[in-house]
Amino acid sequence: MHYLDMPWGRMGYTYVSKPGGTPFVFLHGTGCDVSDWNGVTAALRAGGPLVQVDFRGHGASDVPRDSFVLSDLAEDIILLVNGLGLQDVVLVGHSLGGMVALEIASRLPWIKALVLLEGWTSLRAATAFAGERFYGQLPPQAVEQIQKKSAATIARFAPAVWNNFGASVQAFDAAPILARIAMPVFEVFGSMGKTEATRGILAVPDQSNIKMCWIADAGHYLPQERPADVAAICMRAA
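For clarity, every value in this text was computed on a predicted model and none was experimentally measured.

Thresholds applied
- Residues numbered from 1 in each chain as written.
- Predicted model: local features only at pLDDT ≥ 70, side-chain atom pairs only at ≥ 80, totals over all residues.
- Heavy atoms only, no water.
- Core = buried A, V, L, I, M, F, W, Y, C linked by side-chain atoms within 4.5 Å.
- Buried < 20%, exposed > 50% of the residue type's maximum accessible area, 1.4 Å probe, protein only.
- Contact = heavy atoms within 4.5 Å.
- Salt bridge = Lys/Arg side-chain N within 4 Å of Asp/Glu carboxyl O.
- Helix = DSSP H or I, 4+ residues; strand = E, 2+ residues; numbered from the N terminus.
- Expected span 1.5 Å × (residues − 1).
- Arc of directions from axis to C-beta.
- Pairing = 2+ DSSP bridges.
- Axes fitted to C-alpha atoms, helices over the stretch in contact; angles between N-to-C directions.
- Right-handed = clockwise from strand over helix to strand, strands pointing away.
- Polar contact = N/O pair within 3.5 Å; in protein donor to acceptor, adjacent residues only side chain to side chain.

1. As for the nonpolar core
Here comes step 1: Counting residues in hydrophobic clusters, the biggest one holds 53 residues, and the most contacted among them are V25, L27, V53, L91, V100, I104 and L114.
Here comes step 2: Residues in contact with L114, not counting those within four places in the same chain, are L91, A101, L102, A105, I181, P184, V185 and F186.
Here comes step 3: F26, W37, V90 and A218 belong to the second-largest nonpolar core, a separate cluster that totals 22 residues.

Structure representation (structure tokens):
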């Protein structure tokens with residue numbers, strides 16, 4: 001684990017240096033951490049440097065005492081990637097990580113492509129599916145691990161700090177971002193619970209640079225449930 005000193009504390013990240021190839025930066029979901037990408041990175045057969053980041057208060061990163069918002073997470077990643085000297089990066093974000101990736105892409109020209117794994121345009125998009133599909137077909141032990149880690153992570157924050165951050169996530173709307181960015185965007189969703197209304201609620205614009213990718217019989221936790229499928233999409237983005 002590597003660390004970057006930030007005004008709010010230390011940010012933990014992993015960095016695997018590979019010569020040549022496209023760099024990948026992986027951004028996890030709420031309550032997750034860098035380890036949730038292990039299956040995906042193990043399945044990647046090519047590419048350049050691999051960076052996995054723990055957001056503030058997650059995994060090995062310090063817990064901030066002061067309030068912060070979603071855009072602050074984007075600034076953290078921008079500082080890290082610039083500090084590592086990476087260019088033409090593929091940002092891979094799951095859930096919250098996908099929302100942060102969209103915020104980053106709205107600001108920077110060095111993004112080669114986005115891979116958004118149920119990285120909602122807004123939180124309303126999370127209502128686009130029917131039935132109990134959140135954990136997909138993950139075994140009970142894996143679901144219990146996800147739930148325990150998420151609860152422990154949230155418990156690290158002072159309630160006022162976490163609630164302020166949650167409000168910023170609730171207010172996030174990436175529709176204007178998607179409408180104006182030109183880089184390739186892979187919008188990836190599990191197909192469980194998909195209905196005729198799903199596509200509209202997801203609010204993903206019909207644009208030539210945006211590719212809709214459906215992973216059959218999968219739920220929300222795609223990096224854990226279907227890492228090989230996620231890795232294959234990542235290689236398409238590279």
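What follows continues from the structure just given.
2. Remarks on the pattern of salt bridges
Here comes step 1: Applying the stated criterion across every chain yields a total of eight salt bridges.
Here comes step 2: The partner of R133 in a salt bridge is E118, with the nearest N and O atoms 2.7 Å apart. Note that R133 is positioned in the loop between β6 (111–117) and α4 (140–155) and E118 in the loop between β6 and α4, a separation of 15 residues in sequence. Residues R133 and E118 agree in their burial class; the two are buried.
Here comes step 3: K148 is paired through a salt bridge with E144; the nearest N and O atoms lie 3.2 Å apart. On the criterion of helical spacing, the pair formed by K148 and E144 is a turn pair, its members being four residues apart in helix α4.
Here comes step 4: Since its relative accessible area comes to 56%, K148 is described here as exposed.
Here comes step 5: Look at E144 and you get partly exposed, because its relative accessible area is 40%.

3. Describing the side chain of T14
Here comes step 1: The residue T14 is located in strand β2 (residues 9–16) in this model.
Here comes step 2: In contact with T14, not counting residues within four places along its chain, are M1, H2, V34, L50, V51 and Q52.

4. Here we look at helix α5 (residues 159–171)
Here comes step 1: With 13 residues, α5 should cover 18 Å at 1.5 Å per step; its first-to-last C-alpha distance of 18 Å lies within 8% of that length.
Here comes step 2: Every buried residue of α5 is accounted for by V161, W162, F165, S168 and V169. Down the axis of α5, the buried set is contained in an arc of 120°. They therefore lie on one face. Those residues of α5 that are exposed and aimed more than 90 degrees away from the buried face are P159, A160, N163, Q170 and A171.
Here comes step 3: Those residues of α5 that are buried are in contact with α2 (70–84), α3 (96–105) and α4.

5. A few points about the sheet that holds strand β1 (residues 2–6)
Here comes step 1: One open sheet accounts for eight strands, arranged β1-β2-β4-β3-β5-β6-β7-β8; its pairing is mixed. The two strands at the open ends of the sheet, each matched to only one other strand, are β1 and β8 (210–215). Direction aside, neighbouring strands of the sheet carry axes that sit 20° apart on average.
Here comes step 2: When strand β3 (residues 24–27) meets strand β4 (residues 50–53), the two strands line up parallel, connected through four bridges. Across the sheet, the residue bridging to V25 is V51, located in β4.
Here comes step 3: Strand contacts of α2: β1, β2, β3, β4 and β5 (89–94), with the helix running at about 50° to β2, the strand carrying the most contacts.
Here comes step 4: Packing of α3 onto the sheet brings it into contact with β3, β5 and β6, and relative to β6 it is tilted by some 155°.

6. Some details on the pairing of β6
Looking along a regular strand, one sees the side chains alternate between the two faces of the sheet.
Here comes step 1: Counted residue by residue, β6 has six buried out of seven residues, so it is predominantly covered.
Here comes step 2: Bridging between β5 and β6 involves six bridges; their strand directions are parallel. Directly across from G93, in β6, lies its bridge partner L116.
Here comes step 3: Where the polypeptide runs from β5 across α3 and back to β6, its parallel neighbour, the crossover connection is right-handed.

7. Considering unusual backbone geometry
Here comes step 1: With a phi angle near 50°, E118 is a residue other than glycine that sits in the positive phi range.
Here comes step 2: Phi at D217 is positive, roughly 55°, even though this residue is not glycine.
Here comes step 3: Along the polypeptide, D217 turns up in the loop between β8 and α8 (222–225).
Here comes step 4: What makes D217 partly exposed here is its relative accessible area of 48%.

8. A word on the environment of K149
Here comes step 1: One can find K149 in helix α4.
Here comes step 2: Sequence separation of K149 and C32 is 117 residues, and the distance between their C-alpha atoms is 6.9 Å.
Here comes step 3: Residues contacting K149, with those up to four places away along its chain left out, are G31, C32, D33, S35 and D36.
Here comes step 4: Side chain to side chain, K149 and S35 meet in a polar contact 3.4 Å long.

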